[in-house]
Amino acid sequence: MLYLPSDTFRNTPVTNDLAIILVEPDRDKANQIVDSLADAGFARIQVITEASSLKRQISAIDPDIVLIDIANPSRDMLEEMTIASQPMDRAVAVFVDRSDDALTSAAIEAGVSAYVVDGLRPDRVKPVLDAAIARFNVFQRMRTELAETKRALEERKVIARAKGLIMKAKGIDEDEAYALLRKAAMNQGKRLADVAEALVESAGLLA
Amino acid sequence: MKLQEIQIGFIPLVDAAPLIAASEMGFAEEEGLSLTLSRSPSWSTLRDKLCFGQLDAAHMLAPMPIAGALGLGGVTTPLHALSVLSVNGNVIGVSREIGARMRAAGHDFAFNDAETAGRALIGAIKDTLRIGVPFPFSMHAELVHYWLTALGVKDAHNISIQTVPPPMMPDALKAGEIDAFCVGEPWGSSSVETGVADLLLPCSAIWAFAPEKVLAVRAGWADENRDTAHRLIRAVWRASRWLSEPSSLGLATELLSRTPYLDLAPEVVECALLGRFAISSRGDVRTTAGFVDFFNGAAGFPWRSQAEWIGRQMASRLGLDHARAAKAAQATFRSDIYRAALGHVAHDLPSASAKVEGSVTEPLAVGSIGGRLILPRDAFFDGRIFEPTPA
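Computed from a prediction, not measured in an experiment: that's the story for all the values here.

### Concerning the overall build of chain A
- Regarding its fold elements, chain A presents seven helices and seven strands.
- The linear arrangement of helices and strands in chain A, starting from the amino end, is β-β-β-α-β-α-β-α-β-α-β-α-α-α.
- Sequence separation of 24 or more characterises 60% of the internal contacts of chain A that already satisfy a separation of 6 or more.

Structure below.
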């Protein structure tokens, strides 16, 4: 194991000189993944953002590992690499080792898949995948958070509209309208936002 | 009664209809099941999610479980087909430039004759004919390969079957990376609508009764959850029967076009269900009876002979051992489970698990458990007959 002088490689051991391709159309996301891999000691990374002629681009670079988001529709093009059509082609398998299901499963849950040249030792590939999985887990968390924030915002809007409807219909003030809405939700055993949404929807029918 | 939840993955295609109908029209509920359908961005991701247990079952290209059994593809966890979800349903299209060349050479775009269309296509290409298919392990790839090799295109240098995800087909055509493509609906119709292609042929003109999609599960899942598998098969069978009734067309079209499913204009979805296509931007219309079938002629029955045909085709295309491929392929189509699930329900359940493929040129009555099965035409365009290996 070789240690390089500090700073340059942030004291991480260079364990590996694998050539890695990352297929990722979003540049921001690609940069973050490349940084994560660099932190883990991998420097030979090329990013492909353009999905057209993906196969040609990949065979020109001749990588050891290709990483791709499992949500990327162009992933099916990579499946073709699993058939070594020419004797000179290097056969490719998905993931480290077909026996290492836990790692593969973790990768799929995180949302990343790796196409690996056949015969590459699992211990050489694992650190790449570990770094990628960690980064993709962060993406997934961010996506969930974003979705949650959006939903909360939508709900707040609906509740405000429902309150408005009640205020208008009953001639009461905002606090009273809110209390009424909350009481209805408690009585029905439903979420406040759901009751508000039902109200807004039915009001739409009556309008 | 508490419903049993089942996670099912699908690709937004018209032939996901039986699963969508099973979930939306109450057929799953009748069997005590609640289906959660999730759309997948690609076939490989759908397969991986099924293989690693994030899904219980999936809408899958018929050759995918077979590819896995042959050790082909990224993840090769054994998968089995519980039923055939659809028969036929793909179209072959050509770039407008090739289409114009074929027209100039006198081709009529009759949309029904695979021999004439194939020869015209081969004649319009100077060197290598490049055809895009959605996945390397698909009926698209096998049927195109069967078709062109039967017409004498033998050399691998003269034909190149490439994987291009359907949403990327238009760009690949425009960029001249492919000359032609073979896709499922709605992709054929939408390529005409956007003016990038002319349609040449429905794949049913190559093989009149080709299994297209299957209901796939992990091999182990089917054995550990036999009762659930039976209920799922019955729910899908009833959904397919509903789909086959002409009165269901309107509602089926509307269901499929909804946002969580195909998210498309109903008119585009309807083309496939009616078998009525605009084949060029000039507005020529062609009609294909039985363009896609979910039910008739025991369409859902997973014939081991169909699996063997696919396995042997794959073996010859990719240079594998034929006998081994045939045996491995056969075992992936679970006609035994299908028969057990529907024994008391379906009247047209075949009493055999394999048949000679390609021999039916006119609808033919054959032995079945309820005595009422009529096999529809299943001929290959070149008249070849496929005899399965006795099990």
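### What to know about the overall build of chain B
- When helices and strands are counted, chain B shows 16 helices and 15 strands.
- Expected size for 391 residues packed as a compact globule is a radius of gyration near 21 Å; at 20 Å, chain B falls within 12% of this value.
- Considering chain B as a whole, with its 391 residues, one finds that 57% of them fall into the buried category.
- Long-range contacts, defined here as pairs at least 24 residues apart, represent 75% of the contacts in chain B between residues at least 6 apart.

### Things to note about the sheet that holds strand S6 (residues 129–133) of chain B
Residue and element names in this part refer to chain B.
- Strand order across the open sheet formed by five strands is S7-S6-S8-S5-S9, with mixed pairing between neighbours. Edge positions in the sheet fall to strand S7 (159–163) and strand S9 (197–202), since each has one partner strand and no second. Neighbour-to-neighbour, the strand axes of the sheet open up by a mean angle of 25°, direction not taken into account.
- Bridging between strand S5 (residues 90–95) and S9 involves five bridges; their strand directions are antiparallel. When the sheet's bridge partners are listed, Val91 is paired in S9 with Pro202.
- The sheet strands contacting helix H6 (residues 114–123) are S5, S6, strand S8 (180–184) and S9, and the helix crosses S9 at an angle near 140°.

### So, the sheet that holds strand S4 (residues 79–88) of chain B
Residue and element names in this part refer to chain B.
- With mixed pairing, six strands are arranged side by side in an open sheet as S2-S1-S3-S10-S4-S13. A single partner strand is all that each edge strand has here, and the edge strands are strand S2 (33–39) and strand S13 (292–293).
- The sheet contact formed by S4 and S13 spans two bridges and is antiparallel. By the bridge assignment for S13, Val87 is matched with Asp293.
- Packed onto the sheet, helix H1 (residues 17–24) meets strand S1 (4–10), S2, strand S3 (57–61) and S4 and runs at close to 135° relative to S2.
- Where helix H11 (residues 226–244) meets the sheet, it contacts S1, S2, S3, S4 and strand S10 (211–218), and its direction lies at approximately 5° from that of S4.

### Overview of the interface of chain B and chain A
- Each partner contributes to the interface: chain B provides 27 residues, whereas chain A provides 23 residues.
- Contributing elements (two or more residues each) for the side of chain B that touches chain A: helix H3 (43–51) and helix H8 (169–174) of chain B.
- Broken down by element, the residue count for the side of chain B that touches chain A peaks at five residues, all from H3(B).
- A breakdown of the residues in the side of chain B that touches chain A according to their chemical character gives 15 nonpolar, eight polar and four charged.

### Considerations on helix H16 (residues 335–342) of chain B
Residues and elements named next belong to chain B.
- Buried within H16 are the following residues: Ser335, Ile337, Tyr338, Ala341 and Leu342. Within H16, the buried residues cover an arc of 160° as seen down the axis, which keeps them to one side.
- Where H16 is buried, its residues contact S4, helix H10 (219–224), H11 and helix H14 (304–318).

### Here's the deal with the domain arrangement of chain B
Residue and element names in this part refer to chain B.
- Taken as a whole, chain B is organised into domain 1 (4–87 + 211–262 + 294–352) and domain 2 (90–209 + 274–291).
- With centres defined by C-alpha atoms, the gap from domain 1 to domain 2 works out at 26 Å.
- Of the residues lining the interface, 19 residues belong to domain 1; the matching set on domain 2 comes to 14 residues.
- For the side of domain 1 that touches domain 2, the secondary-structure elements that each account for two or more residues are helix H4 (63–69) and H14.
- Residue composition of the side of domain 1 that touches domain 2, by class: 13 nonpolar, three polar and three charged.

### Examining the environment of Val195(A)
All names here are of chain A.
- Along the chain, the position of Val195 falls in helix H7 (residues 192–206).
- Look at Val195 and you get buried, because 21 C-beta atoms sit within 10 Å.
- Once residues within four sequence positions are removed from consideration, Val195 is found in contact with Leu181, Ala184, Ala185, Gln188 and Lys190.

### Brief notes about the pairing of S3(B)
All names here are of chain B.
- The buried count for S3 comes to five of five residues, which makes it a mostly enclosed element.
- The alternating pattern of S3 places Ala57, His59 and Leu61 on one face and Ala58 and Met60 on the opposite face, and all of these are buried.
- Pairing analysis gives two bridges linking S1 to S3, with the strands arranged parallel. The partner of Ile8 across the bridge, within S3, is Ala57.

### As for the confidence of the model for chain A
Residue and element names in this part refer to chain A.
- Considering every residue of chain A, the mean pLDDT works out to 81; 84% of them sit at 70 or more.
- Across chain A, helix H6 (residues 174–188) holds the top mean pLDDT of 93, while strand S1 (residues 2–3) sits lowest at 38.
- A low-confidence stretch, residues 1–14 stays under pLDDT 50, and its non-local contacts, those more than four residues away or across chains, total 16 contacts.

### A word on unusual backbone geometry
Residues and elements named next belong to chain B.
- Of note, the bond from Glu185 into Pro186 is cis; its omega dihedral lies within 30 degrees of zero at 15°.
- You will see that Asn88, though not glycine, has its phi angle at about 60°, which is positive.
- The backbone of Asp263 sits at a positive phi, close to 55°, despite the residue not being glycine.
- Among the secondary structure elements, Asp263 is positioned in the loop between helix H12 (249–257) and helix H13 (266–274).
- Looking at Asp263, the number of C-beta atoms within 10 Å reads 11, which means it is exposed.

About the thresholds
Residues numbered from 1 in each chain as written. Chains lettered and ligands numbered in written order. Predicted model: local features only at pLDDT ≥ 70, side-chain atom pairs only at ≥ 80, totals over all residues. Helix = DSSP H or I, 4+ residues; strand = E, 2+ residues; numbered from the N terminus. Contact = placed C-beta atoms within 7 Å. Rg over C-alpha atoms; globule rule 2.2 N^0.38 Å. Buried ≥ 20, exposed ≤ 12 C-beta atoms within 10 Å, placed from the backbone. Pairing = 2+ DSSP bridges. Axes fitted to C-alpha atoms, helices over the stretch in contact; angles between N-to-C directions. Nonpolar A, V, L, I, M, F, W, Y, C, P; charged D, E, K, R; others polar. Arc of directions from axis to C-beta. Domains from an automatic or database assignment. pLDDT = per-residue confidence, 0-100.

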